[in-house]
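# Observations on the model geometry
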Amino acid sequence: MTKRQVAHFEPFTRNVKHTSRIELSQSALKKNINFIRKKLSDGTRLSCVVKANAYGHGIPQMVTMLDKVGVDHISVASAFEAEEVLEFKSDRMDIMIMGILYDQDIEWAIAHNIEFYVFNYDRLQLVLEKAKKLKRQAKVHIEVETGTNRTGMTEEFFKKALTFLKRNKAHIVFKGLCTHLGGAESLSNTFRTEQQKERYKGYLAECKKRRYMPEIKHIACSASALVMPETHYDMARVGVATYGFWPSPDVYYQHLQQVNKMRDAPMSRIISWKTDVMDTKHVPKGDFIGYGTAYQATHDMDVAVIPVGYCNGYPRGQSNRGYVLIKGRKARITGLINMNLFMVDISDIPNVKAGDEVVLLGKQKNNTIKVSSFTNYTQLLNNEMLSRMPTAIPRKIVR
Ligand SMILES: *Cc1c(COP(=O)(O)O)cnc(C)c1O
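Residues numbered from 1 in each chain as written. Predicted model: local features only at pLDDT ≥ 70, side-chain atom pairs only at ≥ 80, totals over all residues. Heavy atoms only, no water.

The next subject is the overall build of the protein. Of the regular secondary structure elements, the protein holds 13 helices and 18 strands. Projected onto its principal axes, the C-alpha coordinates of the protein cover approximately 80 × 60 × 35 Å. Across the 399 residues in the protein, those meeting the buried criterion constitute 51%. The contacts of the protein with a sequence gap of at least 6 include a subset with a gap of at least 24, amounting to 66%. Taken as a whole, the protein presents about 19,800 Å² of accessible surface, with 50% of it coming from carbon and sulfur. (Helix = DSSP H or I, 4+ residues; strand = E, 2+ residues; numbered from the N terminus. Buried < 20%, exposed > 50% of the residue type's maximum accessible area, 1.4 Å probe, protein only. Contact = heavy atoms within 4.5 Å. Areas by Shrake-Rupley, 256 points an atom, 1.4 Å probe, with all protein chains shown as cover.)

In structure tokens:
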């Protein structure tokens, strides 16, 4: 290893196999993107959100896959993620940072033609200085406060920002005017979403009054992109639906109503997660399995040892509850999920041997383990479980 690698802990080339692996389906992505595009209004650009390592799927792979299906706008939550996207994107793809960009990285963003949110009036002065210094235009999206009370300028500061932007248009492009809906996936938030849409229109009216319009307007996330056409404007920032998940049951049922069907499966999960049986063991009736007394064999049992634990993103809440697939059959988890192991009951699955494929998430023969089967047991959100999949797990693109 060179000194530089040691100093930065850069990954070194691996020779041995990781304990598990992720597969990402290009055809499932194509299906999802086609569906989302069909839902979007004419002229609405699709921006796919790849924050949180692409909802755990892996930024390098997802950016490559999104390029193949013609997605040309990528949104991230931080400059740190943007830098990874930059490494893997094609020339036609634009990058937008929706969240944290440190002062020290503004120059980097401008130099790499990366669009970014500005939600704080004072930041504009800094952006101006950097743009002048680099002799390059900065592309900013002004985020406005419409009722979420996280980031976003209030009206008072927005008015000042408009004046500033208009005066400095040689250096700063008013690329977008945006806000984020706080809970568009739930019908119980309708009154709130309506209020946010109205407030957003107020900011647009202010732009019109001042005769200074943003190049594009955008407020939609997956939920509103799928069922609220009035939120589409010029671009939709679609995260969870890209990966084949409905944002919520509410959105799914609204979709069914719109297409007048009893059921529909226009999107598919992209991700599968697999490993192999590490060992098998016979457990006499009455013995405990794993740590503590969480599971006592009720009969003479056979168990398989799985080389994955909570350190690999496998939720501990699955202890004594979840299933994996072996030989296409469901094998129930016996005992606690350990840091890097857990055991499953294979008493009714004949001839299981070390090295047999284990599906943790996804399909094997006629059975499927869905992300929702994890989240039902563990109260985790789909997004929470997925985004915690460690980056170290190798990811492979499959057809
Ligand atoms: C995460 C995020 C999105 C995408 O949300 P989904 O519900 O996953 O589509 C859009 N906009 C902003 C600002 C976000 O942070």
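Domain annotation for the protein reports domain 1 (26-259) and domain 2 (271-369). Between the C-alpha centres of domain 1 and domain 2 the distance comes to 41 Å. (Domains from an automatic or database assignment.)

All right, on to the packing of aromatic side chains then. Overall, the coordinates contain twelve aromatic pairs when judged by the stated rule. For the ring pair F158 and Y203, a centre distance of 5.2 Å and an interplane angle of 80° mean the geometry is edge-to-face. Taken together, the residues F158 in helix α8 (residues 155-167) and Y203 in helix α9 (residues 190-209) connect sequence positions 45 residues apart. As far as burial versus exposure is concerned, F158 and Y203 are alike and both buried. Between Y252 and Y253 the ring centres are 5.5 Å apart and the planes differ by 55°, which places this aromatic pair in the tilted class. Classification of Y252 by relative accessible area gives buried; the value is 19%. (Phe/Tyr/Trp six-rings, centres within 6.5 Å; stacked < 30°, edge-to-face > 60°.)

Below, the discussion takes up the sheet that holds strand β5 (residues 115-118). With parallel pairing, eight strands are arranged side by side in an open sheet as β8-β7-β6-β5-β4-β3-β2-β9. With partners counted over all chains shown, the strands left at the sheet margins are β8 (216-218) and β9 (235-238), one partner each. Geometrically, the sheet is characterised by an average inter-axis angle of 30° between neighbouring strands, direction not taken into account. Here strand β3 (residues 73-78) runs beside strand β4 (residues 94-100); their pairing, made up of five bridges, is parallel. Within the sheet, the bridge partner assigned to S78 lies in β4 and is I100. Across the sheet, α8 is in contact with β6 (138-143) and β7 (172-178); its angle to β7 comes to roughly 150°. (Pairing = 2+ DSSP bridges. Axes fitted to C-alpha atoms, helices over the stretch in contact; angles between N-to-C directions.)

It is worth spelling out the site of the ligand at this point. If you check the shell around the ligand, you find V49, K51, Y55, M98, R150, H180, C221, S222, R237, V238, G239 and V240 and nothing else. In the model, an oxygen atom of the ligand is placed 2.7 Å from a nitrogen or oxygen of the K51 side chain. Within the side chain of Y55, one N or O atom sits 2.6 Å away from an oxygen atom of the ligand. Here the ligand has 390 Å² of accessible area as a free molecule, and 88% of this is covered by the chains. Elements with a minimum of two residues in the shell around the ligand: α3 (51-55) and β9. (Near = heavy atom within 4 Å. Polar contact = N/O pair within 3.5 Å; in protein donor to acceptor, adjacent residues only side chain to side chain.)

Relative to the elements of secondary structure, R123 occurs in helix α7 (residues 121-134). Note on R123: relative accessible area 15%, which makes it buried. If sequence neighbours within four positions are ignored, R123 has contacts with L101, Y102, D103, I106 and V118.

Of all the ten residues making up helix α4 (residues 59-68), eight are buried; the element is thus mostly covered by neighbouring parts of the structure. All of the buried residues along α4 are I59, P60, Q61, M62, V63, M65, L66 and D67. Directly beyond the C-terminal end of α4, a positive phi value near 80° is found at G70.

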